[in-house]
Amino acid sequence: MPFDLSGESRYDRARLRQWARGRARTAGVDRRDLLKLFAAGAAAGPLGLAAAGPAAAGTTAAGTGAVAAPGIVKPVPPELFTLRGTNAETNFAALRGTGHLTPVDRFFVRNHTSTPRIDAREWRLRVWGDGLSDGPVEFSYDRLRALPAVERTLFIECAGNARNFYTTQQGQPVAGTPWTLGAIGVARWRGARLSDVLRRAGVARTAVDVLPRGLDEEVVASGVNLGRVRRPLPVAKALDDVILAYEMNGEPLPPDHGGPVRMVVPDWIGISSIKWVGDIEVSGQPLYTPWNTDLYRMFGPDHPAGGGAPLTRQTLKSAFELELGATFVAHRTRLLTGRSWSGAAPVLGVEVSTDGGLRWQPARLHDTPRRGSWVRWSLPWTPRAAGPTALLARATDATGRTQPTTAVPNTEGYLFDAVVRHPVTVV
Ligand SMILES: Nc1nc2c(c(=O)[nH]1)N[C@H]1C(S)=C(S)[C@@H](COP(=O)(O)O)O[C@H]1N2
Ligand SMILES: [Mo]
């Protein structure tokens, strides 16, 4: 093990106070190093993570014509994906005509390093820590599959999805992968309940945090080793609705999406859903890693000094199944289609504007609104005048929240929720 996480727990109370004073070490990373990286990293992305991987250019596998991104196993052809460093963003236009679920061949991939190949027969999940009543417990793949299975349709969405619109639409520079709207996918996940695993492992009443950790490579950002990807979950969420998934859309979980087993944390930002999970620490003290301290919190003038609380739920968004800059022919009717989703509640209504936001019409919904998933919608449009215009879609969820015109900025560009102005040209 690269560093001793039990040490983290032991010293955590002290570190919590140190943290407030800016002196804590977190999982082997000196906070001063993180802050230095932060200062240097605005262009490179949070902690330079976006720049840590190989160059963005894909390589063509000889003879197949299929493009493989660095570190991604499945083909990521340009008609389905836009490559961004070690990541592949789903082209929303490629979802047109597909069903409610995102097919695996077009589900976005967000890798801090690269996809590891893990044999299910050798895979083990170790559950350990001072938040268990007894010693560590190990689960094999077969033992996990023998537990009662649950199946749910849920989105996984990166906290930075739509980050690029802070810049292109609001003129704000932000750090991180410049996703447009395609860092989201909806799948049918099947797996064991994390609560069943934790109960069998003997979670104690004193447990407060549950820290799953990935088996992918340690993340090195600008020379600082952040360790393996890991982010604590409060025990209340861990015992509520979290799934240890081994199937995606009816198939064994593919390597790029965390196979053989990943966490799926309903409604929460994508980083919570740790892929290739290899161990879970159950702790009696709050845990800190770079992923809940300097990353995935809101920083900037509109947020509390020292940053907001660690991000949990996703926000509200809408996307057209259309390329940015698509061309329409005047007086010819076309069906505009798209999807809207919210981390807070089912989406109850979607309005569309085809004149840059002056007038709005209700779109027709094609799915029963459900928590944790998106709704597909459509509206026919017959453009009249030639020239450039913007298409807008605005969702309202069951909490009554509607997408705003502008999103409150934060330095790392998380949780963009504003209505996106989708540029098109009528000819
Ligand atoms: N082990 C591990 N888990 C991980 C990541 C990672 O790089 N390593 N990336 C996280 C992030 S930031 C997101 S948005 C989701 C993406 O899931 P996907 O690649 O299946 O779409 O996985 C999360 N889980
Ligand atoms: Mo993410």
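(A) Region of the structure containing the sheet that holds strand β24 (residues 364-365). Spatially, the four strands line up as an open sheet ordered β19-β21-β25-β24, and their pairing is antiparallel. Bordering the open sheet on either side are β19 (316-320) and β24, each of which pairs with just one other strand. Both β24 and strand β25 (residues 374-381) contribute to a ladder of two bridges, which runs antiparallel. Bridging across to β25, L365 finds its partner in W377.

(B) Representation of the site of ligand 1 within the structure. Every one of the 20 residues lining ligand 1 counts as a neighbour, but F108, H112, D216, R262 and K275 are closest to it. Note that an oxygen atom of ligand 1 is positioned 2.8 Å from one of the side-chain N or O atoms of H112. The side chain of D216 places a nitrogen or oxygen atom 2.6 Å from a nitrogen atom of ligand 1. For the shell around ligand 1, the per-class residue count stands at nine nonpolar, six polar and five charged.

(C) Quick look at the environment of R205. Relative to the helices and strands, R205 resides in the loop between α7 (194-201) and β11 (209-214). Between the alpha carbons of R205 and G131 there is a distance of 7.8 Å; along the sequence they are 74 residues apart.

(D) Examining the confidence of the model for the protein chain more closely. Put simply, the protein chain has an average pLDDT of 88, and 84% of its residues get 70 or more. Predicted confidence is poor over residues 1-30, with pLDDT under 50, and the contacts of this stretch with residues over four places away or in other chains come to 57 contacts. When the criterion is pLDDT under 50, residues 34-65 qualifies, and its contacts beyond four places in sequence or with other chains add up to 55 contacts.

(E) View of the pairing of β11. Burial within β11 is extensive, with six of its six residues counted as buried. Neither face of β11 is left uncovered, since the one carrying D209, L211 and R213 and the one carrying V210, P212 and G214 both have all their residues buried. Relative to strand β14 (residues 233-234), β11 is paired through two bridges, and the arrangement is antiparallel. Looking at the pairing, V210 lines up with L233 of β14. Looking at chain direction, β11 and strand β18 (residues 277-283) are connected through six bridges and run antiparallel. Each bridged residue has a counterpart across the sheet, and for G214 the counterpart in β18 is V277.

(F) Structural detail: the packing of aromatic side chains. Taken as a whole and assessed by the stated rule, the structure comprises twelve aromatic pairs. Arranged with centres 5.2 Å apart and planes meeting at 85 degrees, the rings of F320 and W377 form a pair that is edge-to-face. Within this pair, whereas F320 is found in strand β19, its partner W377 is found in strand β25, the two being separated by 57 residues in sequence. Aromatic ring contacts, followed pair by pair, group F107, F108, W179 and W189 into a single cluster.

(G) Spotlight on the pattern of salt bridges. Tallied over the entire structure, the rule returns 17 salt bridges. Here E138 makes a salt bridge to R124, at a shortest N to O gap of 4.0 Å. Of this pair, E138 sits in strand β8 (residues 137-140) while R124 is found in strand β7 (residues 124-128), placing the two residues 14 residues apart along the sequence. Note on E138: relative accessible area 46%, which makes it partly exposed. Judged by relative accessible area, R124 falls into the partly exposed class, the value being 38%. A salt bridge links R190 to E151; the shortest N-O distance between them is 2.9 Å. Pair noted here: R190 is in strand β10 (residues 184-193) and E151 is in strand β9 (residues 149-157), with a separation of 39 residues, a long-range link. For E151, a relative accessible area of 36% translates into the label partly exposed. In this structure, a network of salt bridges that share partners links the residues E151, R188 and R190.

(H) Up close: the side chain of R84. Looking at where R84 falls in the secondary structure, it is placed in strand β5 (residues 81-84). If we ignore the near neighbours within four places in the chain, the residues touching R84 are E89, T177, P178, W179 and T180.

(I) Quick peek at unusual backbone geometry. The residue after G259, namely P260, is reached through a cis peptide bond having omega 10 degrees. Within the fold, P260 resides in the loop between β16 (251-252) and β17 (262-264). One non-glycine residue, A162, adopts positive backbone phi at about 70 degrees. Position of A162 among the secondary structure elements: in the loop between β9 and α6 (164-168). The class for A162 is buried, based on a relative accessible area of 0%.

(J) The sheet that holds β7, seen in detail. As summarised here, the arrangement of the five strands in space is β8-β7-β18-β11-β14, forming an open sheet in which the pairing is mixed. Pairing within the sheet leaves two strands with one partner each, and these edge strands are β8 and β14.

(K) Summary view of the nonpolar core. L125, V127, L144, L194, L244, M263 and I280 are the most contacted members of the largest nonpolar core, which totals 45 residues. The contact partners of L144, leaving out residues within four places of it in the chain, are W123, A192, V197, L244, Y246 and V261. One finds L316, W377, L391 and A393 within the second-largest nonpolar core, a separate group that totals 20 residues.

(L) Spatial organisation of α7. The element α7 is extensively covered by neighbouring structure, given that six of its eight residues are classed as buried. Among the residues of α7, L194, S195, D196, V197, L198 and A201 are the ones counted as buried. At the C-terminal side of α7, G202 shows a positive phi close to 85 degrees.

Parameters at a glance
- Counting restarts for each chain, with residues numbered from 1 along the sequence as it is written.
- Following the order in which they are written, the chains are lettered starting with A and the ligands numbered starting with 1.
- Local features are withheld for residues below a pLDDT of 70 in this predicted model, meaning they are given only at 70 or higher, and side-chain atom pairs are given and counted only at 80 or more; totals for whole chains, interfaces and linings count all residues.
- Excluded from the side-chain calculation are hydrogens and water; included are all heavy atoms of the structure.
- At least two bridges found by DSSP between two strands are what make those strands a pair.
- Counting from the N terminus, the helices are the DSSP runs of H or I reaching at least four residues and the strands are the DSSP runs of E reaching at least two.
- We call a residue near a given molecule or strand whenever any one of its heavy atoms falls within 4 Å of it.
- Identification of polar contacts relies on pairs of N or O atoms within 3.5 Å, with a donor-acceptor requirement for protein atoms, meaning one able to donate a hydrogen and the other able to accept it, and with residues adjacent in sequence counted only if both atoms are side-chain atoms.
- Classification convention: Asp, Glu, Lys, Arg as charged; Ala, Val, Leu, Ile, Met, Phe, Trp, Tyr, Cys, Pro as nonpolar; all other residues, Gly among them, as polar.
- pLDDT gives the predictor's per-residue confidence on a scale running from 0 to 100.
- By the convention used here, residues are in contact when the closest approach between their heavy atoms is within 4.5 Å.
- Three labels apply to residues, based on accessible area from a 1.4 Å probe with only protein chains included: buried if under 20% of the type maximum, exposed if over 50%, partly exposed otherwise in between.
- By convention, a stacked pair of Phe, Tyr or Trp rings (six-membered ring in the case of Trp) has centres within 6.5 Å and planes under 30 degrees apart, an edge-to-face pair has planes over 60 apart, and any other such pair is tilted.
- Any carboxyl oxygen of Asp or Glu that lies within 4 Å of a side-chain nitrogen of Lys or Arg is treated as forming a salt bridge with it.
- Throughout, nonpolar core names a set of buried Ala, Val, Leu, Ile, Met, Phe, Trp, Tyr and Cys residues whose side chains join them through atoms within 4.5 Å.

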